[in-house]
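What follows is each chain in one-letter form.
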Amino acid sequence: MVSSEVINLIWKRNGSPAHNSAPSVITGQAKNKDAASWAYTIGLMKGDDGLNLRLDSPLTRAEAATLIIRARKLVRENKQNNFVDLV
């Protein structure tokens, strides 16, 4: 499974919130711009260099585990970050 599929599943599970606060360098990487913006802004996806989310790359078991743990923690806390804090 690739990263974008997992992010879409987590995003849908959390109500598919409309989200557009991430810059185009983030949203331009995804077919589902709301899901990518939401996942990046709450800190679910951080990217290998802070910006490259590798959404078309297969997930390793470690990456999948990290996403699950972050999703449980961040969504539960409803943590909101802004782009400047993440970069």
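Here is a short report on the structure shown in this document. Everything numeric in this text was worked out from a predicted model, so none of it was measured.

About the thresholds
Residues numbered from 1 in each chain as written. Predicted model: local features only at pLDDT ≥ 70, side-chain atom pairs only at ≥ 80, totals over all residues. Heavy atoms only, no water. Buried < 20%, exposed > 50% of the residue type's maximum accessible area, 1.4 Å probe, protein only. Helix = DSSP H or I, 4+ residues; strand = E, 2+ residues; numbered from the N terminus. Arc of directions from axis to C-beta. Core = buried A, V, L, I, M, F, W, Y, C linked by side-chain atoms within 4.5 Å. Contact = heavy atoms within 4.5 Å. Polar contact = N/O pair within 3.5 Å; in protein donor to acceptor, adjacent residues only side chain to side chain.

## Focus on helix α1 (residues 3-13)
If you check which residues of α1 are buried, you get S3, V6, I7, I10 and W11. Projected onto a plane normal to the axis of α1, the buried residues spread over an arc of 135° and lie on a single side. Along α1, the residues that are exposed and aim more than 90 degrees away from the buried face are L9, K12 and R13. One or two positions beyond α1, positive phi appears at G15, with a value near 90°.

## Focus on the nonpolar core
In globular proteins that are soluble, nonpolar side chains generally tend to be buried together. Counting residues in hydrophobic clusters, the biggest one holds 20 residues, and the most contacted among them are I7, I10, W38, L44, M45, L55 and L67. Those elements giving two or more residues to this core turn out to be α1, α3 (33-41) and α4 (61-77). Element by element, the count of residues in this core is highest for α3, at 5 residues. Excluding its chain neighbours within four sequence positions, the residues that come into contact with L55 are V2, S3, S4, I7, Q29, A30, A36 and M45.

## Focus on the side chain of S37
Looking at the secondary structure, you find S37 in helix α3. At a separation of 2.8 Å, a polar atom in the side chain of S37 contacts the side chain of H19. Residues within four places of S37 in sequence aside, it is in contact with H19, N20, S21, A22 and T27.

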